[in-house]
Amino acid sequence: MPKTDLVKRSPIRVLDKTLRGGLGKGGVGVLASRKGVGKTACLVHIALDKMLQDKPVIHVSYSSRVDHIIKWYEDLFREISRKPRLKDKDPSALFEDLIRNRVIMNFRQEGTKTEQILRSIEALIVHAPFAAETVIVDGYDFAAAEPEDLVRFRDFAVRRGLEIWFSASLKGPQPLFDEEGVPRLLFPYLDLIDVLMTLRFQGEQVGFHLIRHRGRKPRGRLRLMLDPTTLLIALEKTSRPSARKPSRRN
């Protein structure tokens, strides 16, 4: 099965349709949840979907282990290539071809200014050149940041025509969410976020909730879930899901 069919059949098309074409150039999206619910898996799946469309991705990680991120890409691509199975291509060869569209950058948030990080990304885009359209920012600590930092990321996204997806790990005093499901940690940033989604356990299933969409009234729960076996974004199941919970790897 060619890449185009993998892209066409991806559950991420449901997300694109809900977001009326996706996050889009200049957009800032945030996927928020408690630690270990599946944010990194979702962001890597979004990145792989872009790479399958031959759209370069820069993955900015604040994790101390880059090999951890590389493993996520390997594991999730293996699952993607199984459903449906690639009949006409060697999955390992396809993966080697795909990772030409990915660069992983690793930073420590402490002691590194946002301007430095953005200069590094811009240098890669302009001088490498690596014409990225999407930037994944994983492990960013919003509790240690200031709204001005997100303003810089947002301005950069607009200027370079990028879409930037962040993960936000929710922590701190309870309750973590207000009565509308908005993460309290992100209150200072809400006006700077174009798309805000949360991942939350509902029984044994992890569901997606659209909380903010470019100032529009949120639609609530999406028809998407995090598959508990593959850790891929999947269409929501109507039957009783497996009792196995997602691995708490991020």
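Along each chain, residue indices are assigned from 1 in the same order as the chain's sequence is written. Local features in this predicted model are restricted to residues of pLDDT 70 or higher, and side-chain atom pairs are both shown and tallied only at a pLDDT of 80 or more, whereas totals for entire chains, interfaces and linings draw on every residue. Processing note: side-chain calculations cover all non-hydrogen atoms of the structure and skip hydrogens and water entirely.

A.B. asks: Just to check I follow, could you spell out the nonpolar core for this structure?
C.D. replies: One broad trend across soluble globular proteins is that nonpolar side chains are buried collectively. The biggest cluster of nonpolar side chains holds 42 residues, and the ones touching the most others in it are L48, Y73, L76, W165, M197 and F208. Here a helix means four or more residues in a row that DSSP labels H or I, a strand means two or more in a row labelled E, and each is numbered from the N terminus. If one sorts the elements of this core by residue count, helix α3 (residues 39–52) sits on top with nine residues. Discounting residues that sit within four places of it in the chain, Y73 has contacts with V44, A47, L48, M51, H59, F95 and R102. Of all hydrophobic cores here, the second largest spans 40 residues; its members include L124, L150, I164 and L196. Definition of nonpolar core: a set of buried residues of the types Ala, Val, Leu, Ile, Met, Phe, Trp, Tyr and Cys, connected through side-chain atoms within 4.5 Å. Each residue gets one of three labels from its accessible area relative to the maximum for its type: buried under 20%, exposed over 50%, partly exposed in between, using a 1.4 Å probe on protein chains only. Residue contacts are defined here by distance: any two heavy atoms, one from each residue, within 4.5 Å place the two residues in contact.

A.B. asks: Where do I start with the packing of aromatic side chains in this structure?
C.D. replies: For any pair of aromatic rings, geometry is given as the distance between the ring centres together with the angle between the planes. Two aromatic rings, drawn from Phe, Tyr or Trp (for Trp, its six-membered ring), form a pair once their centres lie within 6.5 Å of each other, and the interplanar angle then sorts them: stacked below 30 degrees, edge-to-face above 60, tilted otherwise. Per the stated rule, a full pass over the model turns up eight aromatic pairs. When the ring of F142 is compared with that of F166, the centres are 5.7 Å apart and the planes differ by 65°; the resulting orientation is edge-to-face. Residue F142 is found in the loop between β4 (134–138) and α7 (147–160), and its partner F166 is found in strand β5 (residues 163–170); the two are separated by 24 residues along the sequence. Of the residues examined, F166 reaches a relative accessible area of 0% and is grouped as buried. Each ring, one from F153 and one from F166, has its centre 5.1 Å from the other, and the planes form 90°; the classification is edge-to-face. Within this pair, whereas F153 is found in helix α7, its partner F166 is found in strand β5, the two being separated by 13 residues in sequence. Taking the relative accessible area as the measure of exposure, F153 reaches 1% and is therefore buried. Here the aromatic residues Y62, Y140, F142, F153, F166 and Y189 are joined through ring pairs into a cluster of three or more.

A.B. asks: What am I meant to see in the sheet that holds β5 here?
C.D. replies: If DSSP finds at least two bridges between two strands, the strands pair. Across the sheet, which stays open at both edges, the nine strands sit in the order β3-β2-β4-β5-β1-β6-β7-β8-β9 with mixed pairing between neighbours. Each edge of the sheet is formed by a strand with only one pairing partner; in this case those strands are β3 (102–106) and β9 (233–235). Between one strand axis and the next, the sheet turns through 30° on average, direction left out of account. Two elements, strand β1 (residues 28–34) and β5, share seven bridges in a ladder whose sense is parallel. Paired with R34 across the two strands is L170, which belongs to β5. Think of each axis as a best-fit line through the C-alpha atoms, taken over the contacting stretch in the case of a helix, with angles from 0 to 180 degrees between the N-to-C directions. Sheet strands touched by α3: β1, β2 (57–61), β3, β4, β5, β6 (195–202), β7 (205–213), β8 (220–226) and β9. Its angle to β5, the strand with the most contacts, is close to 165°.

A.B. asks: Help me out: how do you make sense of the packing of helix α6 (residues 114–127) against α7 in this one?
C.D. replies: Packed helix pairs are specified by the crossing angle of their axes together with the interaxial distance, meaning the distance between the axes. Close contact between α6 and α7 brings their axes to 10 Å; oriented N to C, the two are set at 15°. On the basis of the axis angle, α6 is roughly parallel to α7. Between α6 and α7 the crossing geometry is right-handed. Residues T114, E115, L118, I121, E122, I125 and V126 of α6 form the contact with α7, whose participating residues are D149, R152, F153, F156, R159 and R160. Throughout this description, any angle smaller than 35 degrees is read as roughly parallel, any larger than 145 degrees as roughly antiparallel, any in the 65 to 115 degree range as roughly perpendicular, and the remainder as oblique. Rotating anticlockwise by less than a right angle from the far helix to the near helix defines a left-handed crossing, while the corresponding clockwise rotation defines a right-handed one.

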